[in-house]
Amino acid sequence: MRLRSLGVTLAATAALITLPTIQPPAASAADTNLSQGRTATSSSTENAGTPASYAVDGDTGTRWSSAATDDQWLQVDLGTSATISQVVVNWETAYGKDYKVQASSDGSTWTDLQSVTGGDGGLDTLAVSGQGRYVRLQGVHRATQWGYSVWEFQVFGTNGTTQPGTCSTANSAQGKAASASSTENAGTPASAAFDGNDATRWSSQASDPQWLRVDLGSAQDLCKVDLNWEAAYARDFQIQASSDGTNWNTLKTVTGATGGRASYDVSGSGRYVRVLGTARATGYGYSLWEFAVHTGSGGTPPVEGGGDLGPNVIVVDPSTPNLQAKFDQVFAQQESAQFGSGRYQFLLKPGTYNGINAQLGFYTSISGLGLNPDDTQINGDITVDAGWFNGNATQNFWRSAENLAITPSNGTDRWAVAQAAPFRRIHVKGGLNLAPNGYGWASGGYIADSKIDGTVGPYSQQQWYTRDSSVGGWTNGVWNMTFTGVEGAPATNFDTGPYTTLDTTPVSREKPFLYLDGNDYKVFVPGKRTNARGVSWPANAGGTSLPLSQFYVVKPGATAATINTALAQGLNLLFTPGVYHLNQTINVTRADTVVLGLGLATLVPDGGVDAMHVADVNGVRLAGFLIDAGATNSDTLLQIGPAGAGADHAADPTTMQDVFVRIGGAGPGLATNSVVVNSDDVVIDHTWIWRADHGDGVGWDTNRADYGLKVNGDDVLATGLFVEHFNKYDVLWSGERGRTIFFQNEKAYDAPNAAAITHDGIVGYAAYKVADTVNVHEAWGLGSYCNYTSDPSIVQHHGFQVPVKSGIKLHDILVISLGGKGQYAHVVNDTGAPTSGTDTVPSKITQFP
């Protein structure tokens, strides 16, 4: 929060008292304020008390303010394309000296409507001419040391699709779900104000403030509100709308009301509408006979939540005929389709399945639909093997199993996978073999929130990370086996063995998952755990359930514009299996939004756009999807938080789980940055960020991607971090107090020579670099491998590069030359022995410094 001098504070206070009321422009009687109550977003906010929504709430006593840097913006979504004639900016003391007003049809490509230079603040009324759905105030240069601050941002014009006079006479609120801040007694519930009966009422407790709200079920264009007050009425109140039931826009402020029946014309949109009483007219509470909401019948219809799960989700129960044949059919298609377009999700209803062997190929997921794993019992197997690749499991990517119990047919289940193949929330009533038949090479993997009653045998697995689970035993390992919060895990032994073991996981929150509540689909969103150990189920403490009606169920053919409209309405996203081409960035701006993929749903940004941006808000859950770079270079495929983000999210962090990123392999792909984390407190729980070393469109410049993961936010935790083959740094960590538990890396195979990767007098970019400015950072269980197939003579200086400071600590780190194709001179900085020729023996350090 910025601190101002007394003089400036007094000036701001005076401005609060004397702010003019902004009137609609006189240019045309048909032009109306299109922005009030609409969804607003911004590049940043100064603090939680100055959100973007305050600039379009019609209240000149609330404001938006940005971070204190020049390049900041405020954007409003008008809901549909409009002809724009005038923009009014009512600046607070911290104003823009130079700025632009811009319009866009898609929220991605912008056209300048007006450029202002040498502005003096106050009230700027700008005549403009243009069209667009989105209007943006783009700051260029600030006039003060603070950010940009706007009391009100108003856009006037005519709506391009909604005709005047289309306000429905029907009451959209009647019979809908209602809630209130309080009730006077059991006989005056919130629902009584929405039952269409003027003889029943809601009444509150006798205090200020109080509110009554209704959930319309989906976002609507709002045009009129009718209130029928009982004798205990509100003298002062506000009518507000919200897309999510948390963040509210004020549509109308009423003072000096006299009760009785009254109607109010409003302009805005939202799923939730409420009356917020601020001052009572009597000594009693607030009391309403009826509260009616009228919506517009024109314009673009809202995106509906819920619905079926699409063609590539296969829902079965124990009585499904020919079930084994269904599994076999999908496996035959997907077994070797490493870069194909098929995507499949099997969903198993609760019950017992006998004699099943579900073999999983590429882009195939299997999940139980119970609230707990033991609700779905398989007497049989879920199998991943490597027959398609001559017993080599190092390319068994992109598949998953989740939320069910297995009693293996021969006592041990086989799960021979490599990267991007999570095994979550599984109860194995027997043993688990992580190697392929014949014990060929394997390069995985990840287990979380699972219970394996018998012994886990990794055998040929080079590395593995297991979190918050229980195992009956663990046999051997190759190079890097890391455990946190695992009951039954082997003790730490990295000096002579492969084991790194921490008793608990500092912060974890399990991945959201789909389940059936009776006949209704819901998504369970687990709560945060600290210092966790063992599985989270069956208690599932601290979690919440969201009905499918609160999700836009995205199916193949959906456009990015529709996806963004759904998000703007307050819906979550459930991507069904498929490949989705995006011509604009998906913008996740609402706190606690869930973006969940089924069957490795894949997002492909076209034309150089970024795939997804997440605002600097609390608790967004990203889970279960793949981002595949497009043929035109994207700057950043996934950005979590804008540059300069700094809000505290420790109580409700954003999580990124089983979100995978690929550059090349399925064809040429280009991205400067793959994932950039700017927000604080983010938890990255299992990701594989991969610049392809094989497949189509692979070459040093053909699928160029400089950086895998950049972390600029503070207090970010990564558990299960796999990042490989980038042209420069695979991981570049610049935020303070970062932590990584388990890291697996291979340097880019195709570096043409030492000169191509030499920088600052150093040969080779470190796999994991902590920036020189960082003072506190800690990591456990890190491995980097080199396999310089284009020039085996390359000697990389080190695998890891960190500043030597008391707050920087690395535990159990290693580097390996795979078959002698390239070498490492050191492990970290200038410390550690060189790798050993062609012997594929790791060079280790158990503690640095």
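Residue positions are given per chain, counted from 1 along the sequence in the order it is written. In keeping with the model being predicted, local features are shown solely for residues with a pLDDT of at least 70 and side-chain atom pairs are shown and tallied solely at 80 or more, while totals for entire chains, interfaces and linings include all residues. Excluded from the side-chain calculations are hydrogens and water; all other atoms, namely the structure's heavy atoms, are used.

1. A word on the overall build of the protein chain
How we decide: Secondary structure elements are taken from DSSP: a helix is a run of H or I of four residues or more, a strand is a run of E of two residues or more, and numbering for both begins at the N terminus. The size measure is the radius of gyration over C-alpha atoms, and the globule rule it meets is 2.2 Å times the number of residues to the 0.38 power. What makes two residues a contact is simply this: any of their non-hydrogen atoms within 4.5 Å.
Secondary structure assignment for the protein chain yields three helices and 57 strands. Taken over the C-alpha trace, the protein chain has a radius of gyration of 29 Å; the compact-globule value for 849 residues is 29 Å, and the two agree within 12%. Taken along the three principal axes of its C-alpha coordinates, the protein chain extends 85 × 65 × 45 Å. Considering only contacts in the protein chain between residues 6 or more positions apart, those separated by 24 or more positions represent 67%.

2. Topic: the confidence of the model for the protein chain
Here is the rule: Each residue carries a pLDDT value, the predictor's own confidence for that position, ranging from 0 to 100.
Mean pLDDT over the protein chain works out to 92, with 95% of the residues at or above the 70 mark. Segment residues 1-30 is flagged for pLDDT under 50; beyond a separation of four residues in sequence, or across chains, it makes 42 contacts in the model. Contacts for the low-pLDDT stretch residues 161-165, under 50 throughout, to residues beyond four places or in other chains number six contacts.

3. Examining empty space enclosed by the protein
The cut-off we apply is this: The rule is simple: put a 1 Å grid over the protein atoms alone, call a set of points where a 1.4 Å probe fits but cannot get out a cavity, call an open set with protein on both sides within 12 Å along at least five of seven lines a pocket, and count a residue as lining if it has an atom within 4 Å of a point. Grid points are joined across faces, edges and corners, and a volume is the space filled by probe spheres set on the points. In this classification, Asp, Glu, Lys and Arg are treated as charged, Ala, Val, Leu, Ile, Met, Phe, Trp, Tyr, Cys and Pro as nonpolar, and every other residue, Gly included, as polar.
Under the criterion given, the structure shown has five cavities of 30 Å³ or more. Each pocket or cavity is described by its volume, and for the largest cavity that value is around 220 Å³. Lining the largest cavity are 22 residues, and of these Q345, S400, E402, K511 and G597 sit closest to its centre. Counting only elements with at least two residues in the lining of the largest cavity, the list comes to β17 (344-348), β19 (364-368), β21 (399-407), β31 (513-517), β39 (594-605) and β43 (655-663). With five residues, the single largest contributor to the lining of the largest cavity is β39. In the lining of the largest cavity, the residues fall into 10 nonpolar, eight polar and four charged.

4. What to know about the pairing of strand β41 (residues 621-628)
In regular strands, side chains alternate between the two faces of the sheet. Our working rule: Residue exposure (1.4 Å probe, protein chains only): buried if accessible area is under 20% of the type maximum, exposed if over 50%, otherwise partly exposed. Note: two strands are recorded as paired if DSSP finds a minimum of 2 bridges between them.
The buried fraction of β41 is high, at eight of eight residues. Sheet topology places β41 next to β43; seven bridges connect them, and they run parallel. The residue of β43 that forms the bridge with L626 is F660.

5. Some remarks on the pattern of salt bridges
Note the cut-off: A pair is scored as a salt bridge if a Lys or Arg side-chain nitrogen falls within 4 Å of a carboxyl oxygen belonging to Asp or Glu.
Enumeration according to the criterion identifies 36 salt bridges in this entry. E184 is paired through a salt bridge with R201; the nearest N and O atoms lie 3.8 Å apart. In this pair, E184 is assigned in the loop between β9 (178-180) and β10 (202-203) and R201 in the loop between β9 and β10, connecting sequence segments 17 residues apart. Overall, R201 belongs to the partly exposed group, its relative accessible area being 22%.

6. Quick word on helix α3 (residues 560-568)
Where burial is concerned, most of α3 is hidden: seven out of the nine residues are buried. All buried positions along α3 are accounted for by A560, I563, N564, T565, A566, L567 and A568. G570 sits one or two positions beyond α3 and adopts a positive phi of about 100 degrees.

7. A few points about the environment of T383
This is how it is decided: Polar contacts, as counted here, are pairs of nitrogen or oxygen atoms within 3.5 Å of one another; within protein the pair requires one atom able to donate a hydrogen and one able to accept it, and residues that are adjacent in sequence qualify only if both atoms are side-chain atoms.
Considering the arrangement of structural elements, one finds T383 in strand β20 (residues 376-383). Assessed through its relative accessible area of 13%, T383 is described here as buried. A C-alpha to C-alpha distance of 35 Å links T383 and A560, two positions 177 residues apart in sequence. Apart from residues lying up to four places away in sequence, T383 is in contact with N357, A358, Q359, L360 and R414. Within the structure, the side chain of T383 is placed 2.8 Å from the side chain of N357, a separation counted as a polar contact.

8. So, the state of the cysteines
Cut-off, in case you're wondering: Disulfides are defined in this document as cysteine sulfur pairs within 2.5 Å.
One pass over the full model with this rule turns up one disulfide. Note that C167 is cross-linked by a disulfide to C223, the S-S spacing being 1.9 Å. Torsion about the S-S bond of the C167 and C223 cystine: about 85 degrees, corresponding to right-handed handedness. Placement of C167 in the loop between β8 (149-159) and β9 and of C223 in strand β11 (residues 210-229) is noted, with a sequence separation of 56 residues between them. Residue C167 is classed as partly exposed on the basis of its relative accessible area of 32%.

9. A short note on the nonpolar core
Formally: To qualify as a nonpolar core, a set must consist of buried Ala, Val, Leu, Ile, Met, Phe, Trp, Tyr and Cys residues joined through side-chain atoms within 4.5 Å.
Grouped together as the largest cluster of nonpolar side chains are 82 residues, with contacts concentrated most on L573, F575, I586, M612 and L622. When neighbours within four sequence positions are excluded, I586 is seen to be in contact with I563, N564, L567, L573, F575, L603, A611, M612 and H613. By size, the runner-up hydrophobic cluster in this structure holds 36 residues, among which are V330, Y344, L404 and W474.

10. What about the sheet that holds β31?
Applicable threshold: Between N-to-C directions, angles cover 0 to 180 degrees, with each direction set by a line fitted to C-alpha atoms, over the stretch in contact for helices.
What the three strands build is an open sheet, ordered β31-β32-β34; its pairing is antiparallel. Only two strands of the sheet have a single neighbouring strand rather than two, namely β31 and β34 (544-547). On average, each strand axis in the sheet is tilted by 40 degrees relative to the strand beside it, whichever way the strands run. Judged from the four bridges that link them, strand β32 (residues 520-525) and β34 form a sheet pairing that is antiparallel. In the strand pairing of β34, V525 is matched with T544.

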